[in-house]
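# Breakdown of the fold
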Amino acid sequence: MIQRIQTIWFFLAALSISLLLMTPIVSKVVNDSEYWINAIGLYQQTNGKTVIDLFIPVAILTILSAVLLLFTIFSFRDRKKQKNFALISLIFILILSVLTYIYVAKMPGGLEGVSYELGAFLPLISIIFIGLGVRGVNNDEKLIKSADRLR
């Protein structure tokens, strides 16, 4: 049923992953240039001029994870499929985190002196929401199995 609590958890997970497209993950100032990274790419702002180095694989994986989590919400009729979609999106988020770390390491000056922004914690928050959603699906399965025993 779509009005169950796991719908909210999966929606919050999709929302938190989608925010990676707009929210900075890390930022840094090097030689009068400000750098920041989000899921779209590395931004460099110097003298009011912004240059973007795109991270296409990270952006595609971010969008794919959010869309898969939305599919997870609407596969409520098949709980096994819903859990599989949640697991696949969890794997995508872990891969996304590793790719993001690789791209952050390529930032000028490396990881020294970077400030971690909200985007650095969004994948972890999304993983927690997915775990809560899967727990809700498992609770539904237990409830249905107990109702079947009573019949």
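Whatever comes next refers back to the structure up there.
All of these numbers come straight from a predicted model, not from anything done at the bench. (Residues numbered from 1 in each chain as written. Predicted model: local features only at pLDDT ≥ 70, side-chain atom pairs only at ≥ 80, totals over all residues. Heavy atoms only, no water.)

Taken N-terminus to C-terminus, the directions of helix H1 (residues 5–18) and helix H2 (residues 56–73) make an angle of 170 degrees; their axes are 9 Å apart at the nearest point. By the angle class used here, H1 and H2 are roughly antiparallel. Crossing of H1 against H2: the hand is left-handed. Two secondary-structure elements touch here, H1 through Thr 7, Phe 10, Phe 11, Ala 13, Ala 14, Ile 17 and Ser 18 and H2 through Thr 62, Ser 65, Ala 66, Leu 69, Leu 70, Thr 72 and Ile 73. Partitioning the contact of H1 with H2 into residue classes produces nine nonpolar, five polar and no charged. (Axes fitted to C-alpha atoms, helices over the stretch in contact; angles between N-to-C directions. Helix = DSSP H or I, 4+ residues; strand = E, 2+ residues; numbered from the N terminus. Parallel < 35°, antiparallel > 145°, perpendicular 65-115°, else oblique. Left-handed = near helix turned anticlockwise from the far one by under 90°. Contact = heavy atoms within 4.5 Å. Nonpolar A, V, L, I, M, F, W, Y, C, P; charged D, E, K, R; others polar.)

To continue, consider the packing of aromatic side chains. Applying the stated criterion across every chain, the model contains three aromatic pairs. Both rings, one in Trp 36 and one in Tyr 43, keep their centres 5.4 Å apart while their planes meet at 0 degrees; by these two values the pair is stacked. Of the two residues examined, Trp 36 and Tyr 43, each falls in the buried class. Both rings, one in Phe 55 and one in Tyr 103, keep their centres 4.0 Å apart while their planes meet at 10 degrees; by these two values the pair is stacked. Of this pair, Phe 55 sits in the loop between strand E4 (49–54) and H2 while Tyr 103 sits in helix H3 (residues 79–105), placing them 48 residues apart in sequence. Residue Tyr 103 is classed as buried on the basis of its relative accessible area of 18%. (Phe/Tyr/Trp six-rings, centres within 6.5 Å; stacked < 30°, edge-to-face > 60°. Buried < 20%, exposed > 50% of the residue type's maximum accessible area, 1.4 Å probe, protein only.)

So, about the pattern of salt bridges. As a working rule, side chains carrying opposite charge can pair if their charged atoms are close by. Under the criterion given, the structure shown has one salt bridge. The partner of Arg 4 in a salt bridge is Asp 140, and the shortest N-O contact between them spans 2.9 Å. Of the two residues, Arg 4 sits in the segment before H1 while Asp 140 sits in helix H4 (residues 122–150), which places them 136 residues apart along the sequence. (Salt bridge = Lys/Arg side-chain N within 4 Å of Asp/Glu carboxyl O.)

Of all five residues in strand E2 (residues 33–37), four are buried; the element is thus mostly enclosed. One ladder, built from five bridges, connects strand E1 (residues 26–30) with E2; its direction is antiparallel. Considered in E2, the bridge of Val 30 is made with Ser 33. Linking E1 to E2, which pair antiparallel, is a turn of two residues; within it Asn 31 sits at a positive phi near 50 degrees. Two elements, E2 and strand E3 (residues 41–46), share four bridges in a ladder whose sense is antiparallel. Note that in E3 the partner of Ile 37 across the bridge is Leu 42. (Pairing = 2+ DSSP bridges.)

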